[in-house]
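Secondary and tertiary structure notes
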Amino acid sequence: MSVLVVGMSHRSAPVTVLERAAVAGDELSKLLHDVSEAEHVAGTFVVSTCNRVEVYAEVDKFHAGVAAICELLARHAGIAHGDLTPHLYVHYEDRAVQHLLSMACGLESMVVGESQILGQVRQALALARHQATLGRVLDDLGSLALRTGKRAHAETGIDRSGADVVSVGVGLAAEFLPAPTPGPARLHGLSVLVVGAGSMSSLAVATAARLGAAGIVVANRTEDRAKRLAASVSGTTADLASLPPAIAAADLVISCTGATGLVITTDMVAEALRQRQPANRPLVLLDLALPRDVEYGVSDLPGVSVLGLESLAGAGATRAATQAQDVAAVRAIVTEELAARLSARHAARVAPTVVALRAKAVEVVEAELARLGGRLGRLDDRAHAEIAQAMHRVVDKLLHAPTVRVKELAGSPGGDAYETALRVLFDLDPGAVEAVTRADAGPVTGAPPASAPPPEQEAR
């Protein structure tokens, strides 16, 4: 089985395509199962965020695996195959692993270095594990990606500014709002409405509080979650089914739900403007959802500014240009972790031969001990133990150097030849090598305990 990733991101596709391809909730679970049940696929997980949709899979045939995944992505997105594929990228084997590690470190994010992607990757792995679609190889790679991401944030300054999609978006929104008082309190004296109560909404609420918002209101489909989130910043809640009054009272609206349809329509905002006091107070809507929460026509209303993910892409690119040194340091970590994985893979490849060789040596020693006992008669237990220990020690010393060296050479050019030479020189039975137990490559089914709910299936 080989590792394959097929996906799209803000770098390869416009937001209009990304929002159609985005999957969350039940649709994400269905995509997981459809991919896992496809021919030539042994396991999968899907990372779907506000700026990417990526399918990771274990496949036994490259072209067949790519074709199956592309077809399923097109079907779930409701986009013609020919219209979707120009926006997709494909990475295979080591390049796929490198992409996963880079992505987990935040190097592929719209805001380079943001740490939210670690939680999103962890959530994607947990969901796939819960749905029994996660193969052993991908489970190990997921753990490697999370470890690499943690190293990147602990050992470099890639996140020294604490930047993320929300903070960058609020920074852009502040340019359209009344000038704040000097200092870091960019939202001082302003009212903020956060629509949604998932992980991105939690970040939005915390950011608004940190930037000094005078009042924070949370609206969400599930009232209890809205109350818990609002209570964390001494805020209040609003009825999601009746948003105009809440919009009318807000200076900044941050919407980041996992809904598949529009949440804030032109009619809603028009009604809010009629209720607004004073009427000429500017209103900014920051739409961080994929697919979008805010209807396109809202930006045509007088006094209203709408900022979407398209607006953040340029700001993220500008920030990345100032982080060249930190980006290089993170890439070095990715390269180091990738090299370590490759070395471990090469060593694992020759392990069955090494195990078979040592098993054969044990058989030879035991046969010689039996022959010696037959010639000398019964030895006392102490003598037998001393002789056996000496013979095993001699064998171990003779085999130590060639077995260690073959593992080291396995990763060099023509590494297969060294393993073959070991088999030939010691006349190992090919059947004995194949019989060595290998790690189970089946799905990982370590679902959460029965008392814990399944992982939240929110794309953001």
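All of the points below concern the structure found in this document. (Residues numbered from 1 in each chain as written. Predicted model: local features only at pLDDT ≥ 70, side-chain atom pairs only at ≥ 80, totals over all residues. Heavy atoms only, no water.)

Tallying secondary structure elements over the protein chain gives 17 helices and 12 strands in all. For the protein chain, contacts bridging at least 24 residues in sequence account for 74% of all contacts bridging at least 6. Summed over its atoms, the accessible surface of the protein chain is roughly 21,300 Å², and 55% of this surface lies on carbon and sulfur atoms. (Helix = DSSP H or I, 4+ residues; strand = E, 2+ residues; numbered from the N terminus. Contact = heavy atoms within 4.5 Å. Areas by Shrake-Rupley, 256 points an atom, 1.4 Å probe, with all protein chains shown as cover.)

A separate point is the sheet that holds strand β8 (residues 236-239). The sheet built from six strands is open, its strands ordered β8-β7-β6-β9-β10-β11 with parallel pairing. What marks the edges here is a single partner per strand, and that holds for β8 and β11 (304-307). Shown here is a sheet whose adjacent strand axes are inclined to one another by a mean of 20°, direction ignored. Strand direction decides the pairing type here: strand β7 (residues 215-220) and β8, joined by four bridges, are parallel. In the sheet register, alanine 219 faces β8, and the bridge partner there is alanine 238. Against the sheet, helix α8 (residues 165-174) touches β9 (252-255), β10 (283-287) and β11, its axis set at about 155° to β10. (Pairing = 2+ DSSP bridges. Axes fitted to C-alpha atoms, helices over the stretch in contact; angles between N-to-C directions.)

Within soluble globular proteins, side chains that are nonpolar generally end up buried alongside one another. Formed by 103 residues in total, the largest nonpolar core has its most connected members in Phe45, Leu73, Leu187, Leu252, Ile254 and Leu288. Ala219, Ala246, Ala250 and Val253 belong to the second largest nonpolar core, which has 21 residues in total. (Core = buried A, V, L, I, M, F, W, Y, C linked by side-chain atoms within 4.5 Å. Buried < 20%, exposed > 50% of the residue type's maximum accessible area, 1.4 Å probe, protein only.)

This part is about unusual backbone geometry. Residue proline 278 is bonded to the preceding glutamine 277 through a cis peptide linkage, with omega at -10°. Along the chain, proline 278 falls in the loop between α12 (266-275) and β10. In this structure, the amide linkage connecting leucine 290 to the following residue, proline 291, adopts the cis form with an omega of 0°. Relative to the helices and strands, proline 291 resides in the loop between β10 and β11. Despite not being glycine, histidine 40 shows a phi value in the positive range, around 80°. You can see histidine 40 is positioned in the loop between α2 (25-36) and β2 (41-49). Phi at serine 234 is positive, roughly 60°, even though this residue is not glycine. Looking at the element boundaries, serine 234 is found in the loop between α10 (223-231) and β8. According to the relative accessible area criterion, serine 234 is exposed, its value standing at 72%.

Glancing now at the side chain of serine 9. Summarising the element assignment, serine 9 is placed in strand β1 (residues 2-9). Ignoring any residue separated from it by four or fewer positions in sequence, one finds serine 9 in contact with Leu18, Asn51, Arg52 and Tyr89.

A few words on the sheet that holds β2. Reading across from one edge, β2-β3-β1-β4 is the order of the four strands in this open sheet, with antiparallel pairing throughout. Looking along the sheet, the strands with just one partner apiece sit at the ends: β2 and β4 (89-92). Averaged over all neighbouring strand pairs, the angle between strand axes comes to 15°, with direction disregarded. Most of the contacts of helix α3 (residues 62-77) go to β1, to which it runs at about 35°, and overall it touches β1, β3 (52-59) and β4. Against the sheet, helix α7 (residues 136-155) makes contact with β1, β2 and β3, and its axis sits at roughly 135° relative to β3, the strand it touches most.

Our focus in this paragraph is the pairing of β9. Each regular strand displays side chains that alternate between the two surfaces of the sheet. Residues of β9 alternate between two faces, with Leu252 and Ile254 on one and Val253 and Ser255 on the opposite face, all of them buried. Bridge analysis of strand β6 (residues 191-195) against β9 gives four bridges, and the strand direction is parallel. By the bridge assignment for β9, leucine 193 is matched with valine 253. Here four bridges tie β9 to β10, and the two strands are oriented parallel to one another. Bridge pairing links leucine 252 to valine 284 in β10. For the crossover that starts at β9, traverses α12 and ends in the parallel β10, the hand is right-handed. (Right-handed = clockwise from strand over helix to strand, strands pointing away.)

For the pair helix α6 (residues 116-130) and α7, the least separation of the axes is 10 Å and the interaxial angle reads 165°. The angle between α6 and α7 places the two elements in the roughly antiparallel class. Considering how the two elements wind past one another, α6 and α7 form a crossing that is left-handed. Across from Leu118, Val121, Arg122, Leu125 and Arg129 in α6, the residues of α7 making contact are Leu138, Asp139, Gly142, Ala145, Leu146, Gly149, Lys150 and His153. Across the contact of α6 with α7, the residue classes tally to six nonpolar, three polar and four charged. (Parallel < 35°, antiparallel > 145°, perpendicular 65-115°, else oblique. Left-handed = near helix turned anticlockwise from the far one by under 90°. Nonpolar A, V, L, I, M, F, W, Y, C, P; charged D, E, K, R; others polar.)

Interpretation note: all reported values are geometric properties and have no functional meaning in isolation.
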